[in-house]
Amino acid sequence: MKTVRMMKTRVIFGGKQNFYKRLKGNITNEEWKDLRSNQLYARGDKSKKGT
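Residues numbered from 1 in each chain as written. Predicted model: local features only at pLDDT ≥ 70, side-chain atom pairs only at ≥ 80, totals over all residues. Heavy atoms only, no water.

## Considering the overall build of the protein chain
Filter applied, for reference: By the criteria applied, helices consist of DSSP H or I runs no shorter than four residues and strands consist of E runs no shorter than two, each listed in order from the N terminus. Burial here depends on accessible area, computed with a 1.4 Å probe over protein chains only, as a share of the maximum for the residue type. Under 20% is buried, over 50% is exposed, and the range in between is partly exposed. Only the protein chains shown count as cover for residues, with accessible areas throughout obtained via the Shrake-Rupley method and a probe of 1.4 Å.
On a plain count of helices and strands, the protein chain comes out with three helices and zero strands. For the protein chain, the sequential pattern of α-helices and β-strands runs α-α-α. By residue count, 4% of the 51 residues in the protein chain fall in the buried class. When the accessible surface of the protein chain is split by element, carbon and sulfur atoms take 53% of a total near 5600 Å².

Shown next, in the form of structure tokens:
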């Protein structure tokens with residue numbers, strides 16, 4: 001049941017508050033895109049044979 005609930009969860013990249021600022025016009029479209037373009041990276045755990 002937990003996985004079903006997680007599938008319905010919505011994610012806003014760039015931050016929820018920034019999303020609402022964009023809707024209200026407090027930040028420009030370019031600023032919004034800059035906030036959303038941050039790179040994500042994952043680091044493996046050596047004990048679990050990650051890199």
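## Remarks on the packing of aromatic side chains
What counts, and what does not: Here is the rule: rings of Phe, Tyr and Trp (six-membered ring for Trp) pair when centre to centre is within 6.5 Å. Planes less than 30 degrees apart are stacked, more than 60 are edge-to-face, and the remainder are tilted.
Counting across every chain of the model gives two aromatic pairs. Each ring, one from Phe 19 and one from Trp 32, has its centre 5.8 Å from the other, and the planes form 50 degrees; the classification is tilted. In this pair, Phe 19 sits in helix α2 (residues 16-24) while Trp 32 sits in helix α3 (residues 29-36), placing the two residues 13 residues apart along the sequence. For Phe 19, a relative accessible area of 28% corresponds to the partly exposed category. We classify Trp 32 as buried; its relative accessible area is 8%.

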